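Structure at a glance
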Amino acid sequence: MTPPTSPASPESPTPPASPTPPMSTPRIRPARPDDYDTIVAVLDAWWGRPMTDKLPRLFLDHFHPTSLVAEDAAGLGGFLIGLLSPARPDEAYIHFAGVRPDLRRSGLARELYERFFALARADGRSVVRAVTGPVNTGSIRYHTAMGFTVHGPVADHDGPGADRMRFERPLDVGGAT
C-alpha cells in the first residue's frame, strides 16, 4: 500500500496548483442601450489612447439590436457595434469592435465578426463595410485576415485631413463566407 501523499486528502494526491485559473468562455449576446457606460469605461484603457469620442451613445441607443457584447466571469470581454444600413439595403457596417487585452488572440474577435456576418446575411445583406485610420496597422492586418478588401488611404474620407482605410467584405447570402 502506498502511503498518502497529502495529509489533507489521504485518498488521493493533491493536484498541482494551476498557475492561473482557467478563463471562462465569454458568452455573446445582443447589446443593450445600458451597455454603453460599461463599454466607454474601458475604451481608453483597452486602446491606450483617448477613444471614447469615437463611440457616441447613439450607437447603443439606436443600433443595439445589431451590436454584440461578450461577457465572462471578469466582466466585459469584447463588443462589436454594427448596423444594417437603412440607406443601403444590401450593406451592413461595423463601426467599432474591441476585445479586452487578456482575451486578444483567443478567437473572440473572429466570433463577434462571424456572428455579425450571420446577422447581416440573415437580413439579406451582401456586403459588410468598415473604416479605420491609415496608422491603425493592427486593424488593417486584422480585417485583411478576415477576408476584407482594403482600399485607401482615401483622402479626406471623414473631412479635411481625416484620411481613412476602407474595408469591404462580400457575404454569400445563400451560405457561409
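Bear in mind the structure is a predicted one, so any value in this text is a computation, not a measurement. Along every chain, residues carry numbers that run from 1 in the direction the sequence is written. In keeping with the predicted nature of the model, local features appear solely for residues at pLDDT of at least 70, side-chain atom pairs appear and are counted solely at 80 or more, and the whole-chain, interface and lining totals rest on all residues. Derived side-chain values reflect all non-hydrogen atoms in the structure, with water molecules and hydrogen atoms excluded from consideration.

**Here we look at the packing of aromatic side chains**
Pairing of aromatic rings covers Phe, Tyr and Trp, the last through its six-membered ring, and needs centres within 6.5 Å; plane angles under 30 degrees mean stacked, over 60 mean edge-to-face, and all others mean tilted. This structure, assessed with the given rule, holds 10 aromatic pairs. Pairwise contacts between aromatic rings join Tyr 113, Phe 117, Tyr 142, Phe 148 and Phe 167 into one cluster.

**A look at the pairing of strand 2 (residues 68-72)**
For the exposure calls, accessible area comes from a 1.4 Å probe over protein chains only, and a residue counts as buried if that area is under 20% of its type's maximum, exposed if over 50%, partly exposed in between. Per the convention used, a helix needs a DSSP run of H or I reaching at least four residues, while a strand needs a run of E reaching at least two, with both numbered from the N terminus. In terms of residue burial, strand 2 counts as a mostly covered element, since 4 of its 5 residues are buried. For two strands to pair, DSSP has to find at least two bridges joining them. Note that strand 1 (residues 27-30) and strand 2 share 4 bridges and pair antiparallel. Within strand 2, the residue paired with Pro 30 across the bridge is Leu 68. Strand direction decides the pairing type here: strand 2 and strand 3 (residues 75-84), joined by 5 bridges, are antiparallel.

**Quick look at the sheet that holds strand 1**
A sheet is described by the order of its strands in space; here 7 strands give the open sequence 1-2-3-4-5-7-6, paired in mixed fashion. Single-partner strands in this sheet number two, and they are strand 1 and strand 6 (149-154). The mean angle between the axes of side-by-side strands here comes to 25°, regardless of whether they run parallel or antiparallel. Contacts are assigned to residue pairs that have any heavy atoms within 4.5 Å of one another. Comment: axis = line fitted to C-alpha atoms, over the contacting stretch for helices; angle = value between 0 and 180 degrees taken between N-to-C directions. Of the strands in this sheet, strand 5 (127-132), strand 6 and strand 7 (164-170) are in contact with helix 4 (residues 137-145), which crosses strand 7 at around 15°.

**Topic: the confidence of the model for the protein**
Every residue is assigned a pLDDT by the predictor, reflecting its confidence on a scale from 0 to 100. On average, residues of the protein score 88 in pLDDT, and 84% of them reach the 70 mark or higher. Every residue in residues 1-22 is under pLDDT 50, and counting partners more than four places away or in other chains gives 5 contacts.

**Examining the environment of Arg 104**
Mapped onto the secondary structure, Arg 104 falls in the loop between strand 4 (91-99) and helix 3 (108-122). Taking the C-alpha atoms as reference points, Arg 104 and Gly 77, separated by 27 residues in sequence, lie 9.4 Å from one another. Among residues more than four places away in sequence, those in contact with Arg 104 are Trp 46 and Val 99. Pairing of N or O atoms within 3.5 Å defines a polar contact, subject to two protein rules: one partner must be a possible hydrogen donor and the other a possible acceptor, and residues neighboring in sequence count only if both atoms are side-chain atoms. Only 3.0 Å separates the side chain of Arg 104 from the backbone oxygen of Trp 46, close enough to count as a polar contact. Side-chain polar atoms of Arg 104 contact the backbone oxygen of Val 99, separated by 2.9 Å.

**As for the environment of Asp 34**
Among the structural elements, Asp 34 can be located in the loop between strand 1 and helix 1 (36-47). Under the relative-accessibility criterion, Asp 34 is labelled exposed at 52%. Residues Asp 34 and Asp 61, 27 residues apart in the sequence, show an inter-C-alpha distance of 8.3 Å. Here Arg 32 takes part through its side chain, which lies 3.1 Å from a polar atom of the side chain of Asp 34.

**Quick look at unusual backbone geometry**
The omega torsion across Gly 152 and Pro 153 is 10°, close enough to zero to call that bond cis. Mapped onto the elements of the fold, Pro 153 is located in strand 6. The backbone of Arg 105 shows a phi angle near 70°, a positive value even though the residue is not glycine. Tracing the sequence through the fold places Arg 105 in the loop between strand 4 and helix 3. Phi angles above zero are rare outside glycine, and Asp 156 is one such case at about 55°.

**Considerations on the nonpolar core**
Throughout this description, the term nonpolar core refers to a set of buried Ala, Val, Leu, Ile, Met, Phe, Trp, Tyr and Cys residues connected via side-chain atoms within 4.5 Å. Grouped together as the largest cluster of nonpolar side chains are 23 residues, with contacts concentrated most on Ile 94, Leu 112, Phe 117 and Val 128. Contributions of two or more residues to this core are made by strand 2, strand 3, strand 4, helix 3, strand 5 and strand 7. Once residues lying within four places of it in the same chain are set aside, the contact partners of Val 128 are Ala 92, Ile 94, Phe 116, Phe 117, Ala 120, Phe 148, Phe 167, Glu 168, Arg 169 and Leu 171. The next biggest cluster of nonpolar side chains, apart from the first, holds 17 residues, and it includes Ala 31, Val 42, Ile 81 and Leu 83.

**Examining the pattern of salt bridges**
In the sections that follow, a salt bridge refers to a side-chain nitrogen of Lys or Arg positioned within 4 Å of a carboxyl oxygen of Asp or Glu. Applying the stated criterion across every chain, the model contains 16 salt bridges. As a salt-bridge pair, Arg 29 and Asp 35 come within 2.7 Å of each other at their nearest N and O atoms. Taking the relative accessible area as the measure of exposure, Arg 29 reaches 6% and is therefore buried. A salt bridge links Asp 37 to Arg 57; the nearest nitrogen and oxygen atoms lie 3.1 Å apart. Here Asp 37, found in helix 1, pairs with Arg 57, found in the loop between helix 1 and helix 2 (58-63); they are 20 residues apart in sequence, far enough to count as distant. For Asp 37, a relative accessible area of 47% corresponds to the partly exposed category. Taken together, the salt bridges that share partners define one network made up of Arg 27, Arg 29, Arg 32, Asp 34, Asp 35 and Glu 71.

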